[in-house]
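# Coordinate inspection notes
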Amino acid sequence: MPGGINNTFGNMIIPIADELERISKGEILSDDWSKVIYSVDASHYSIKPSVIVCPLDEYDLSKVCQYGYSKNISITARGAGTGLLGQSLNDNIIIDFTKNMNKILEIGTDYVLAQPGLVKGILDKELKKRGKFLPPDPASSNYCTIGGMIANNSSGVHALGYGSTIEFLEAANVVYSDGSFGFVSNSDTSSSDDEKIAKLYRLLSPYIELIQKQYPKVTKNSCGYRLDAVINNEKFYPHKIFAASEGTLGIVTSAKLKIIDIPLYSATIVFGFKDLLSAISAVPVVLQFSPVALEMLDHTVFRNLDAEASPRVMDSGSGGGSLLFVEFADDTLIDVEQKLTSCKDKLSSVSTTLETVTDENSSRQIWAARKSALNNAMKMTVGSRKPVGLIEDTVVSPDILYDYTRFLLQKYNDNKLDYVIYGHAGNGNLHTRPMIDTESQTELELFNTVADKVFAKVISCGGTITGEHGDGIARTKYIKIMYGTQIVSIFEQIKKLFDPKFIMNPGKKVIRSDLAKKTSRSILDDEL
């Protein structure tokens, strides 16, 4: 694997940190405590880095990349470390943008120019002052960063109405693995000052039909490289290659993102159902009224909700069934009211209306219950028995979500597995985690068997194995099953084009075949 913690000069062994101190103007962290902090993210993995660099600007980052390229030392960009699959972990150089490159550079009438370390929640507050917003809103919005959102192609609860990060990315300034700079934006031709982008167009052009055929027909997808968004209908959008790329092709140093007006009116309604399948069967019905959000929260999650943090949901008498959260938004009040009333009437015979709110504060409280789902699910952890991710981000068409959910529940029942389940039902995106004793080899093997069957089912239904959480360490090995050998071969060629030495966030998206398996410690002993 690329890297190591020291370099030899003559008979002297020089630590990487000392060399980077002379190269970079930003802070260099190499103490044991810092290494421990940066060895983890929101996943089960733990990989201790050699050094952490907090670059002052893109020129500083360029020097670090030049150094890594010359020494064959791997580099991984990191935001807030909220990735669920080990995306921001690496045993060599970690780049932390949250210290210095964390600013809003410019806000226009329909765009924002932001650095990668900017926290989404901070951006939200500034945009709100102008009556604008950037719709992708992950549950971690209060601390996740713009760079991380681009790297994962993050979505959130409002992706149904507005789309994922990839739909809002309009341009990006990047630093490539060799330290060179690139600016990538919309382009309808193969001409580009950036040689890599021109080559990318020539590489993809012969495969337009294959790409459109092999990619899932769903509204959310973060698996592999999003070639279907890069080239389609004979148009070329090269900047979108960096969305969902997890920093494996280059490092975004600033991004231009589309922003839109905050709707003048909105209403949120919570429906209660007797069980999960009853709630899921109502999803296609609700979609007829064009909600901007349609979320599901099962009793396996909300029984652990904090009553003080989410009083409205807990006071609604939700019992042991399932909830659907629905939001309508528009600039015309009568349109919002009509959709709300029609939807409520349509579901009156199969559900109970638990809550209807139109003011911002009440709506925020209701959505807090949904956004805290993962944290509440993780409270079920007892020792080594915990809700384990891997199949936690599948997406199928909402039209077949009912049948897919029945399949999932049957698998859990057949294997006597407890579970949690919630998710973006309107997109057909379920977040589910079985309870697994991670110290039991038997249970880990069972879990992997279940995962194989679930992924096979999702793919056969034309879905994706990851809608918004990305691939990271855990799911990269499944990408070939998802897309097939031809598409994966294109991925490999793209990786070689942008990162010929495979030093950019190695082990994610594309694995170099001649590299030995990465040595890392996982709570799941790398079973995932």
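Just above, that's the structure.
Conventions and cut-offs
Residues numbered from 1 in each chain as written. Predicted model: local features only at pLDDT ≥ 70, side-chain atom pairs only at ≥ 80, totals over all residues. Heavy atoms only, no water. Salt bridge = Lys/Arg side-chain N within 4 Å of Asp/Glu carboxyl O. Helix = DSSP H or I, 4+ residues; strand = E, 2+ residues; numbered from the N terminus. Buried < 20%, exposed > 50% of the residue type's maximum accessible area, 1.4 Å probe, protein only. Phe/Tyr/Trp six-rings, centres within 6.5 Å; stacked < 30°, edge-to-face > 60°. Lys NZ or Arg CZ within 6 Å of the ring centre and 35° of its normal. Patch = residues over 30% accessible without salt bridge, like charges linked within 9 Å, V, L, I, M, F, W, Y side chains within 5 Å. Areas by Shrake-Rupley, 256 points an atom, 1.4 Å probe, with all protein chains shown as cover. Pairing = 2+ DSSP bridges. Axes fitted to C-alpha atoms, helices over the stretch in contact; angles between N-to-C directions. Expected span 1.5 Å × (residues − 1). Contact = heavy atoms within 4.5 Å.

### Remarks on the pattern of salt bridges
Tallying each qualifying case throughout the model produces 16 salt bridges. A salt bridge links aspartate 124 to lysine 120; its shortest N-O distance comes to 2.8 Å. One end of the pair is aspartate 124 and the other is lysine 120, both in helix α4 (residues 120-128) and 4 residues apart, which spans about a single turn. Relative accessible area serves as the criterion here: at 27%, aspartate 124 is assigned to the partly exposed category. Aspartate 228 is the salt-bridge partner of arginine 226, the closest N and O atoms lying 2.8 Å from each other.

### Describing the packing of aromatic side chains
Inspection of every chain in the model, using the stated rule, returns 12 aromatic pairs. When the ring of tyrosine 225 is compared with that of phenylalanine 491, the centres are 5.3 Å apart and the planes differ by 80°; the resulting orientation is edge-to-face. Here tyrosine 225, found in the loop between α9 (208-214) and α10 (227-230), pairs with phenylalanine 491, found in helix α22 (residues 485-498); they are 266 residues apart in sequence, far enough to count as distant. You can call tyrosine 225 buried: its relative accessible area is 1%. With centroids separated by 4.7 Å and ring planes inclined at 10°, the aromatic side chains of tyrosine 412 and tyrosine 419 adopt a geometry described as stacked. Taken as a pair, tyrosine 412 and tyrosine 419 share a single burial class, namely buried. These aromatic residues form a ring-pair network of at least three members: Tyr215, Tyr225, Tyr483 and Phe491. If you follow lysine 258 out to its NZ or CZ, it ends over the ring of phenylalanine 168, 5.2 Å from the centre. Sitting over the face of the ring of tyrosine 69, lysine 501 holds its NZ or CZ atom 4.3 Å from the ring centroid.

### With respect to a nonpolar patch on the surface
Side chains of Trp33, Val36 and Ile37 sit close together on the surface and give an oily, nonpolar patch of about 310 Å² of accessible area. With respect to the helices and strands, the residue isoleucine 37 is situated in helix α2 (residues 32-37). Its relative accessible area of 39% is what places isoleucine 37 among the partly exposed residues.

### So, the sheet that holds strand β11 (residues 169-175)
Backbone hydrogen bonds hold the strands of a sheet together, and the pairing may be parallel or antiparallel. The 5 strands lie next to each other as β8-β9-β15-β11-β12, forming an open sheet whose pairing is antiparallel. Where the open sheet ends on each side, the last strands, each with one partner, are β8 (104-107) and β12 (181-185). For this sheet the average axis-to-axis angle between neighbouring strands, irrespective of direction, equals 15°. Pairing of β8 with strand β9 (residues 111-114) involves 3 bridges; the strand directions are antiparallel. Each bridged residue has a counterpart across the sheet, and for isoleucine 104 the counterpart in β9 is alanine 114.

### What about helix α18 (residues 401-414)?
For α18, built from 14 residues, the straight-helix expectation of 20 Å at 1.5 Å per residue is met to within 8% by its first-to-last C-alpha distance of 20 Å. Looking at the buried residues of α18, the elements they touch are α11 (276-281), α12 (283-287), β22 (394-395), β23 (419-424), β24 (429-437) and α19 (441-460). Of the residues trailing α18, lysine 416 is marked for its positive phi of about 55°.

Function-wise, these values are silent; they only describe arrangement.
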